[in-house]
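Observations on chain architecture
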Amino acid sequence: GQSLEQPSEVTAVEGAIVQINCTYQTSGFYGLSWYQQHDGGAPTFLSYNALDGLEETGRFSSFLSRSDSYGYLLLQELQMKDSASYFCAVREGTGRRALTFGSGTRLQVQP
Amino acid sequence: EAQVTQNPRYLITVTGKKLTVTCSQNMNHEYMSWYRQDPGLGLRQIYYSMNVEVTDKGDVPEGYKVSRKEKRNFPLILESPSPNQTSLYFCASRAQGVGETQYFGPGTRLLVL
């Protein structure tokens, strides 16, 4: 089976940098994804890491360390619109192709 | 416009009354999935399909059925809904072999009385 842990809530101010961590346990690892979900909305894909290192997409970056079973999402120059829930997700690399999500981190950006 | 659509968006029903939630995507994606989202539990996969006529159970398949007769459609069937199936349901699709970008439908909020 698989399990993921991420903080339930994070608060930061506009313009700041925030890091949302995700640790995982899985029997087979294919990659770590991040999704954003605003209240009342559908999850939207943010980033994906299959290999160790940092992936950058604009203000958002995602990091993966396979040896530590750990990743994080880094949000820079926070804006009010970044207030949302953020989910990490892992896909098994063997057999079953299911995607398992963490329980989500609610980010509140304050003025 | 590339999108995943779900219907209905909101549904109130009673225990035991069969219902179907439709899902359709216009991106010619091979993979489609159904998730349920409950407070504090995140998104949990119900069923997924790797292509037409190929489906498999996710983490919480009990009480649900799916079918994939056409590539674009992946309906979720609740044969005999129960109150513990009250949840927010999302359909999603992604292309085979093209990273991990998964596109979600707008969600269906189901209340089973």
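Residues numbered from 1 in each chain as written. Chains lettered and ligands numbered in written order. Predicted model: local features only at pLDDT ≥ 70, side-chain atom pairs only at ≥ 80, totals over all residues. Heavy atoms only, no water.

Focus: the sheet that holds strand β7 (residues 65–66) of chain B
Residue and element names in this part refer to chain B. Sheet architecture is open: four strands sit in the order β1-β3-β8-β7, paired in antiparallel fashion. One side of each edge strand has no neighbouring strand; the edge strands of this open sheet are β1 (4–7) and β7. As defined by bridge partners, β7 adjoins strand β8 (residues 76–78) across two bridges and the pair is classed as antiparallel. Looking at the pairing, Lys65 lines up with Ile77 of β8. (Pairing = 2+ DSSP bridges. Helix = DSSP H or I, 4+ residues; strand = E, 2+ residues; numbered from the N terminus.)

Structural notes on the pairing of strand β3 (residues 18–25) of chain A
Residue and element names in this part refer to chain A. Of the two faces of β3, only one is covered, namely that formed by Val18, Ile20, Cys22 and Tyr24; the face formed by Gln19, Asn21, Thr23 and Gln25 stays uncovered. As judged from the three bridges shared by strand β1 (residues 3–5) and β3, these two strands associate in the antiparallel manner. Bridge pairing links Leu4 to Tyr24 in β3. (Buried < 20%, exposed > 50% of the residue type's maximum accessible area, 1.4 Å probe, protein only.)

Here we look at the pattern of salt bridges
Here the idea is simple: oppositely charged side chains can pair when their charged atoms come close. Evaluation of the coordinates by the stated rule reveals seven salt bridges over all chains. For the salt bridge of Arg106 of chain A with Asp39 of chain A, the shortest nitrogen-to-oxygen distance reads 2.6 Å. One end of the pair, Arg106 of chain A, is in strand β11 (residues 105–110); the other, Asp39 of chain A, is in the loop between β4 (31–37) and β5 (44–49), and 67 residues separate them in sequence. The class for Arg106 of chain A is partly exposed, based on a relative accessible area of 39%. Glu79 of chain B is paired through a salt bridge with Lys18 of chain B; the nearest N and O atoms lie 3.9 Å apart. Placement of the pair is Glu79 of chain B in the loop between β8 and β9 (87–94) and Lys18 of chain B in the loop between β2 (10–13) and β3 (19–25), with a sequence separation of 61 residues. Judged by its relative accessible area of 34%, Glu79 of chain B falls in the partly exposed class. Residue class for Lys18 of chain B comes out exposed when judged on its relative accessible area of 52%. Overlapping salt bridges, with partners in common, bring together Lys18, Lys65 and Glu79 of chain B in one network. (Salt bridge = Lys/Arg side-chain N within 4 Å of Asp/Glu carboxyl O.)

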